[in-house]
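One letter stands for each residue in the lines below.
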Protein chains: 2
Amino acid sequence: MLRTHTCGELRISDVNKEVSLSGWVQRVRNKGGLIWVDLRDRYGLTQLIFEEDSSQKELLQKAASLGREFVVLAHGLVIERASKNDKMPTGDIEIKVSQLEILNPSKVPPFIIEDETDGGEELRMKYRYLDLRRNVIREKLQLRHRMMQETRKYMDGENFIEVETPVLIKSTPEGARDFVVPSRVNPGEFYALPQSPQTFKQLLMVSGFDRYFQIVKCFRDEDLRADRQPEFTQIDCEMAFVTQEDILNTFEGLVKHLFNTVKKVELEEVKKMTYADAMKFYGNDKPDLRFDMKFAELNGLTQGKGFGIFDQAEIILGICAKGAGEYTRKQLDELTDWVKRPQIGAKGLVYVKCNADGTFKSTVDKFYSNEDLKAWADLMGAQPGDLLLVLSGDEKSTRKQMSELRLKMGEELGLRDRNIFKPLWVVDFPLLEWDEETQRYHAMHHPFTSPKKEDIPLLETNPGEVRANAYDLVINGVEIGGGSIRIHDRATQQLMFKHLGFTDEEAQKQFGFLMEAFEYGAPPHGGIAFGFDRLCAIFGGSDSIRDYIAFPKNNSGRDVMIDTPSTIADEQLKELSIQVNIQNKS
Amino acid sequence: MLRTHTCGELRISDVNKEVSLSGWVQRVRNKGGLIWVDLRDRYGLTQLIFEEDSSQKELLQKAASLGREFVVLAHGLVIERASKNDKMPTGDIEIKVSQLEILNPSKVPPFIIEDETDGGEELRMKYRYLDLRRNVIREKLQLRHRMMQETRKYMDGENFIEVETPVLIKSTPEGARDFVVPSRVNPGEFYALPQSPQTFKQLLMVSGFDRYFQIVKCFRDEDLRADRQPEFTQIDCEMAFVTQEDILNTFEGLVKHLFNTVKKVELEEVKKMTYADAMKFYGNDKPDLRFDMKFAELNGLTQGKGFGIFDQAEIILGICAKGAGEYTRKQLDELTDWVKRPQIGAKGLVYVKCNADGTFKSTVDKFYSNEDLKAWADLMGAQPGDLLLVLSGDEKSTRKQMSELRLKMGEELGLRDRNIFKPLWVVDFPLLEWDEETQRYHAMHHPFTSPKKEDIPLLETNPGEVRANAYDLVINGVEIGGGSIRIHDRATQQLMFKHLGFTDEEAQKQFGFLMEAFEYGAPPHGGIAFGFDRLCAIFGGSDSIRDYIAFPKNNSGRDVMIDTPSTIADEQLKELSIQVNIQNKS
């Protein structure tokens, strides 16, 4: 028996018990012949005390030899502390140690293992097992654990069956790049790792599983950005015999359950907004609704007054930043510089200050009268003390720039509180999007998403206008899940592949099994998938998913702790019937 | 809304309700102007009835057009059945249909979708999505779902944290063959898929996670036997600050919880047996304890009586088959043929019938008196009516042969009841086993298993005798889990690698990160992993794991439904800096 209690467990009511504790040395203090040791484990901290008396010389010496992160087993008596610490749950007691065993010593760690650490990112990645000892990191993974368990509890309660779909599947050129796995038994052939279990979950619906879910690893061999990982986790779900409404209700229920049980937050009803409205009012298909600041279209009020920039613009958009009328000239110049940065790309910024006395002060006073500006202000519902910000240009870029500016103003005005959660269903996404590079339409969601029945004729005439039965769940401006009602008949699926530029042969070769399955009684079905890493980050109040993954990879897809990827033996390559062939990229 | 109720839900109390049901057509009967349709979904069967009346000609025609596996939506009135069927939960009612919509027709399925099917294995694998429609298969996956949820409930209740470890890890030559994944970003380098999360779970213990578990996919590129899959699922667990006893208790708790909640079986206390005893008494490290039939060693009683075969044998082993004394000559000849089959490999079989009158009849009467045979019978605790079966030869082969014979006799005598569960901990496994092929010792479990402290000196003198702190959980002769107390200090781990034939350099290159982690305060720890597919099969009363996997691969590691592995595009190979190089195996 290596312990009778954990380091987070003992209370004043345990005084006079003989106990054994095991854990890590957090801190050693030495004063006046006494030694105190803070002993740490996952459950908390407990103070050990070593007192000098004639019989215990050796014990005291041993205690004095302890260094940070040594692992020890201490046996002793629970006593009441002279000076209590009401900041820690065990702060009323300490252990008067009578026996001490050093279970394992420790070298001096490469960085300090406390909430605030002096370790840089690379160092902490290399010694991830030490970084994980820090409470702030471990708590993130405990949150993740809680999220997983509560997700399963809810899904099980809703009669969903968790089914494990295969990891060794088939490579398909649609979507992102696949990771592939050479087959030894079938030389020259490869498996691929799933980008999602999409086709399998649809087959499970064809099988009559009715309600499926899985918390599952997925893989994408994409160029990594700061916040992407080559392997990531999804909550993957599918339901048969449902309408879109049934799905939205079911998963609104899941998200509410998670907020309720994990964060003790009663989430409000999830609003719905069409993709068209989201783009119109927020320039963004994942609007942050913690604050309003909707876009106003000012073309009618601004054009034809001699201001060439507006006159030549496709669109003039304004937002009203409540209470920002007091912004200084310096702040406004900074804002102007900010929108002109290449990442944002605006040509310039027009602002209008709504003065306390009802007058207006703008950068375009030369072209617009106070009355003109009042009309702008009225349209945007501005009050004295507010600031109007106006961008103009071609529609697509201007909406995007304004979306960025809106988020920045929300940030600056403190409107993006991490403890407030505003969920939103964005619905009626376009089915297809035009890709300039390949000069063809791509599926916005994936090729299995169904078009709205009434829009199907548009496929021939105006494919970009076809709306899909597709939806995203957005919280605070972050997309945490998305899904659709699927195509469930061969003819529509073939039509879809045709419009995505597949030949019949290609479609058959890659997805023939699915289209054939649709011919044996496929029920109407639809589903959703949540990005679990991101969902955890949102719950934890973080922007980055990395700390919510136990052993993440760096931006080159490398695990620097175990040093992978790495070369493999020639013998292995030979068995797999492959060889390395590095070509200089031209 | 595509249904108001499922097909398993309606009862007599629902009579007179207007309902909508969706599902698959199981059967259509047509008699005297009436049509009955059995409508099926995951939840059950409900009978639909279509009655001819003037206004409903079309409806009746539509019903008559239905074929097996059509998907329909039926709306109608719940009525009491004239002739009730008390074999089905919905057997008291039927739906008098007023509207029928065919949601999707079906081609005639390639095999019958009922519990008993006419489909062969290959056909059912190709149309796995149809095979999964059969209740008997779907129920196996529902059992699996239940097992997963209950496992998590127990583990969460015991304070284990579920942590997802990476799938893209590092290839190591120890153990089975790795599946590898070429890295595009790091040309010429590869990830490997995990054979188990062993090193990661140990690092989590170094991190202070204290109690970890995961239900996780693992991968082994081995030549496939009938009941192995390239990807399989483990319940993977690790605990810090524990003794072997703590681990056995915790996981005995898990197994009891599963039996209790999933099978409503109160499992008896799990017995313990040393590996040495298991081999001595059952010739097998996973004895089936549903029946006794222990081995008796007969050397002392049989040698030196002139029977050359026994005299020259290293060992003479007997078992007593209770009540098999009535075996006919034909049955005994068949048994003799059976032990001589190449798969068993015995040279011959000696038997002794214990007659009702207290005399004995054996195949070796020439060499042994009735008194001699009585001594054998006494040693084996045989009674009149029993049958003694004796094999001889070199010790290793004979124990193995006798183990097979014992299992066969258990089967023949009906002693291997699938509804009886006899769990056993086998403990004190050898640390190392000699491999003839490579002429060196291999880790019997894996290189991280700790030797028993008192046996460490034997590492230098007699490595094969060193016992490990390793244990297996066996149920009914099937190993369902195994684990060990791990090495947690660098020196012992290095010693272990040395004895496994690693150079210091090799050990450092492959497992340097783990040994370094041991230097920063690694706690004593140990764990266990359960083969989840097999555990489900045992609970379901099956020998084969394949039906407990939603989309299994065949014996060539191929998914014949989606047709993978398959060739990939040259462009993909180029991006991955590899090329295919198939060499004829010489």
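No experiment lies behind these values; they were computed from the predicted model shown.

Draft legend 1. View of the overall build of chain A. The helix and strand inventory of chain A stands at 17 helices and 23 strands. Its C-alpha atoms put chain A at 95 × 75 × 55 Å along the principal axes. Taken as a whole, chain A presents about 24,500 Å² of accessible surface, with 47% of it coming from carbon and sulfur. In chain A, 78 side chains carry a positive charge and 93 a negative one; their mean positions are 4 Å apart.

Draft legend 2. Seen up close, the domain arrangement of chain A. Taken domain by domain, chain A comprises domain 1 (12-104), domain 2 (138-273 + 422-571) and domain 3 (291-412). Put simply, the middle of domain 1 of chain A and the middle of domain 3 of chain A, counted by C-alpha atoms, are 63 Å apart.

Draft legend 3. How the structure looks around the confidence of the model for chain A. Predicted confidence across chain A gives a mean pLDDT of 95, with 99% of residues reaching 70 or more. Confidence metrics for the complex model read pTM 0.95 and ipTM 0.94.

Draft legend 4. The interface of chain B and chain A, seen in detail. Each side of the interface is counted separately: chain B has 124 residues, and chain A has 124 residues. Summed over both partners, the interface of chain B with chain A buries about 11,400 Å², with 56% contributed by carbon and sulfur atoms. Three residues, B:Glu164, B:Phe241 and B:Tyr520, lead the burial of chain B against chain A; their summed loss comes to 8% of the area buried on that side. At the boundary of chain B and chain A, one finds 18 salt bridges. Along the contact surface separating chain B from chain A lie 80 residue pairs in polar contact (both at pLDDT 80 or more). Top element by residues in the side of chain B that touches chain A is helix H4 (residues 135-157) of chain B. It accounts for ten residues. Here the side of chain B that touches chain A is composed, by residue class, of 63 nonpolar, 29 polar and 32 charged. Bridging between strand E23 (residues 578-580) of chain A and strand E23 (residues 578-580) of chain B involves three bridges; their strand directions are antiparallel. Bridge pairing links A:Val580 to B:Ile578 in E23(B).

Draft legend 5. Spatial organisation of helix H12 (residues 395-412) of chain B. Residue and element names in this part refer to chain B. Look at H12: 25 Å from first C-alpha to last across 18 residues, which is about the 26 Å you get at 1.5 Å a residue. Listed in full, the buried residues belonging to H12 are Thr398, Arg399, Gln401, Met402, Ser403, Leu405, Arg406, Leu407, Met409 and Gly410. Residues of H12 that are buried in the fold lie against helix H7 (275-282), strand E12 (296-297), strand E13 (315-321), helix H10 (329-340) and strand E16 (387-393). Positive phi shows up at Gly414, right after H12, with a value of about 70 degrees.

Draft legend 6. Geometry of empty space enclosed by the protein. Under the counting rule described, the total for this entry stands at 13 cavities of 30 Å³ or more. Here the largest cavity is characterised by a volume of approximately 330 Å³. Around the largest cavity sit 23 residues that line it, and A:Ile215, A:Val216, A:Lys217, B:Ile215 and B:Lys217 are the ones nearest its centre. At the level of secondary structure, the elements contributing two or more residues to the lining of the largest cavity comprise helix H4 (135-157) and strand E9 (211-219) of chain A together with H4 and strand E9 (211-219) of chain B. Along the lines of polarity and charge, the residues of the lining of the largest cavity split into ten nonpolar, five polar and eight charged.

Draft legend 7. Spotlight on the UniProt feature "binding site: L-aspartate" (unreviewed entry) in chain A. Residue and element names in this part refer to chain A. Using the residue numbers shown here, the UniProt feature "binding site: L-aspartate" (unreviewed entry) corresponds to Glu174, Arg220, His445 and Arg486. Counting through the fold element by element, Arg220 comes out in the loop between E9 and strand E10 (231-240). When neighbours within four sequence positions are excluded, Arg220 is seen to be in contact with Ala176, Arg177, Phe179, Gln195, Pro230, Phe232 and Gln234. Once residues within four sequence positions are removed from consideration, His445 is found in contact with Gly482, Gly483, Ser484 and Arg486.

Draft legend 8. Region of the structure containing the environment of A:Ser83. In this fold, A:Ser83 is placed in the loop between strand E4 (71-80) and strand E5 (93-104). Along the primary structure A:Ser83 and A:Gly385 are separated by 302 residues, whereas in three dimensions their C-alpha atoms are 54 Å apart.

Draft legend 9. Representation of the packing of aromatic side chains within the structure. With the rule as written, the count across this model stands at 44 aromatic pairs over all chains. For the ring pair A:Phe259 and A:Phe539, a centre distance of 4.3 Å and an interplane angle of 35 degrees mean the geometry is tilted. With A:Phe259 in helix H6 (residues 244-263) and A:Phe539 in helix H16 (residues 532-540), this pair connects stretches of sequence that are 280 residues apart. Of the two residues examined, A:Phe259 and A:Phe539, each falls in the buried class. For the pair A:Phe448 and A:Phe497, a centre-to-centre distance of 6.3 Å together with 85 degrees between the ring planes defines the contact as edge-to-face. One end of the pair, A:Phe448, is in the loop between strand E19 (440-443) and helix H13 (458-461); the other, A:Phe497, is in helix H14 (residues 490-499), with 49 residues separating them in the sequence. For A:Phe448, a relative accessible area of 5% gives the class buried. One aromatic cluster is present, built from ring pairs that chain together A:Phe307, A:Phe310, A:Phe367, A:Tyr368 and A:Trp376. B:Lys294 extends its terminal NZ or CZ atom over the ring of B:Phe281, reaching a point 5.9 Å from the ring centre. B:Arg406 extends its terminal NZ or CZ atom over the ring of B:Phe291, reaching a point 4.1 Å from the ring centre.

Draft legend 10. Seen up close, the packing of H4(A) against H6(A). All names here are of chain A. Where H4 contacts H6, the two axes come as close as 10 Å, and the packing angle between them is 135 degrees. Taken together, the axes of H4 and H6 are oblique relative to one another. Two packed elements cross with a definite hand, and for H4 against H6 that hand is right-handed. Facing Leu143, Arg146, Met147, Glu150, Thr151, Tyr154 and Met155 of H4, the residues of H6 in contact are Thr250, Phe251, Gly253, Leu254, His257, Leu258, Thr261 and Val262. Among the residues forming the contact of H4 with H6, the class breakdown is eight nonpolar, five polar and two charged.

Draft legend 11. Region of the structure containing the sheet that holds strand E3 (residues 44-51) of chain B. All names here are of chain B. Spatially, the five strands close up into a barrel ordered E1-E2-E3-E5-E4, and their pairing is mixed. The mean angle between the axes of side-by-side strands here comes to 55 degrees, regardless of whether they run parallel or antiparallel. Of the strand pairs in this sheet, E3 and strand E5 (residues 93-104) are connected by two bridges, and their pairing is parallel. Looking at the pairing, Ile49 lines up with Lys96 of E5. Contacts from helix H1 (residues 57-64) reach strand E1 (18-31), strand E2 (34-41), E3 and E5 within the one sheet, and its direction differs from that of E5 by about 75 degrees.

Draft legend 12. Representation of the relation of the copies chain B and chain A in the model. Mapping chain B onto chain A is achieved by rotating through 180 degrees and translating by 0.0 Å along the same axis, at an RMSD of 0.1 Å. The transformation relating the two chain copies, once decomposed into turn and shift, fits a two-fold axis. Looking at the interface residues of chain B, 100% of them are also at the interface in chain A, so both copies use one shared face.

Draft legend 13. Expanded view of the pairing of strand E18 (residues 432-435) of chain A. Residue and element names in this part refer to chain A. Across four bridges, E18 lies against E19 in antiparallel orientation. Each residue of the ladder has a partner; that of Asp435, found in E19, is Arg440. Joining the antiparallel neighbours E18 and E19 is a turn of four residues, in which Gln439 adopts a positive phi near 55 degrees.

Draft legend 14. Here's a closer look at the side chain of A:Asn469. Residues and elements named next belong to chain A. Tracing the backbone shows Asn469 in the loop between H13 and strand E20 (470-475). Here the side chain of Asn469 touches Lys452 through a polar contact of 3.4 Å, side chain to side chain. Asn469 has contacts with Gln244, Ser450, Pro451, Lys452, Gly483, Ser484 and Ile485, leaving out every residue within four places of it along the chain.

Draft legend 15. Fine view of the sheet that holds strand E14 (residues 350-354) of chain B. Residue and element names in this part refer to chain B. Strand order in this open sheet of five strands is E12-E13-E16-E14-E15, and the pairing throughout is antiparallel. Each having just a single partner strand, E12 and strand E15 (360-362) make up the two edges of the open sheet. The pairing of E14 with E15 spans three bridges and is antiparallel. Bridging from a neighbouring strand, Lys353 pairs with Lys361 of E15.

Draft legend 16. Expanded view of the pattern of salt bridges. All chains considered together, the criterion is met by 114 salt bridges over all chains. One network of salt bridges, in which partners are shared, links A:Arg124, A:Arg128, A:Asp131, A:Arg134 and A:Asp547.

Draft legend 17. Up close: unusual backbone geometry. Residues and elements named next belong to chain A. For the bond running from Thr564 to Pro565, omega is 0 degrees, close enough to zero to count as cis. Of note, the phi angle at Asp563 is positive, near 60 degrees, even though the residue is not glycine. Mapped onto the secondary structure, Asp563 falls in the loop between H16 and helix H17 (570-575). Exposure remark for Asp563: the relative accessible area of 41% places this residue in the partly exposed category.

What counts as what
- Throughout, residues of each chain are indexed from 1 in the direction in which the sequence is written.
- Here chains are named by letter from A upward and ligands by number from 1 upward, in the order in which they appear as written.
- The model is predicted, so local features are restricted to residues of pLDDT at least 70 and side-chain atom pairs to those at 80 or more, both for listing and for counting; the totals for chains, interfaces and linings are taken over all residues.
- Hydrogens and water are ignored here; the side-chain numbers use all heavy atoms of the structure.
- Every helix listed is a DSSP run of H or I at least four residues long, and every strand listed is a run of E at least two residues long, numbered separately from the N terminus.
- Reported accessibility uses the Shrake-Rupley method at a 1.4 Å probe radius. Residues are deemed covered only where the shown protein chains occlude them.
- His is not counted here, nor are the chain ends, while Lys and Arg score as positive and Asp and Glu score as negative.
- A charged residue contributes its charge at one atom only: NZ of Lys, CZ of Arg, CG of Asp or CD of Glu.
- For the domains described, the bounds stem from an automatic or database domain assignment.
- You can read pLDDT as the predictor saying how much it trusts each residue, on a scale of 0 to 100.
- Here a residue-residue contact requires only that any non-hydrogen atoms of the pair lie within 4.5 Å.
- The buried area of a pairing is the accessible area, by a 1.4 Å probe, that goes missing from both parts when the two are put together, added over both.
- Here, a salt bridge means any side-chain nitrogen of Lys or Arg that lies within 4 Å of a carboxyl oxygen of Asp or Glu.
- Polar contacts, as counted here, are pairs of nitrogen or oxygen atoms within 3.5 Å of one another; within protein the pair requires one atom able to donate a hydrogen and one able to accept it, and residues that are adjacent in sequence qualify only if both atoms are side-chain atoms.
- Gly counts as polar in this scheme, as do all residues outside two lists: the nonpolar Ala, Val, Leu, Ile, Met, Phe, Trp, Tyr, Cys and Pro, and the charged Asp, Glu, Lys and Arg.
- DSSP-based pairing: two strands are paired if at least 2 bridges between them are found.
- Given a helix with a known number of residues, its expected span is that number minus one, times 1.5 Å.
- Whether a residue is buried, partly exposed or exposed follows from its accessible area with a 1.4 Å probe, protein chains only, as a fraction of its type maximum: under 20%, in between, or over 50%, in that order.
- Buriedness for pockets is judged along seven lines, at least five of which must meet protein on both sides within 12 Å for an open set on the 1 Å grid over protein atoms alone, while cavities are sets there where a 1.4 Å probe fits but cannot get out, and lining residues have an atom within 4 Å of a point.
- Grid points are joined across faces, edges and corners, and a volume is the space filled by probe spheres set on the points.
- UniProt positions are given in the numbering used here, feature names are shortened, and annotations may be inferred rather than shown by experiment.
- Pairing of aromatic rings covers Phe, Tyr and Trp, the last through its six-membered ring, and needs centres within 6.5 Å; plane angles under 30 degrees mean stacked, over 60 mean edge-to-face, and all others mean tilted.
- Geometrically, a charge over a ring is one whose NZ (Lys) or CZ (Arg) sits within 6 Å of the ring centre while staying within 35 degrees of the ring normal.
- Orientation is described by lines fitted to C-alpha atoms, with helices fitted over the stretch in contact, and by angles between N-to-C directions that extend from 0 to 180 degrees.
- Any angle from 65 to 115 degrees is called roughly perpendicular, while one under 35 is roughly parallel, one over 145 is roughly antiparallel, and all others are oblique.
- Definitions for this section: a left-handed crossing has its near helix turned counterclockwise from the far helix by less than a right angle. A right-handed crossing has that turn clockwise.
- To superpose the copies, least squares is applied to the C-alpha atoms of every residue with a pLDDT of at least 70 in both.

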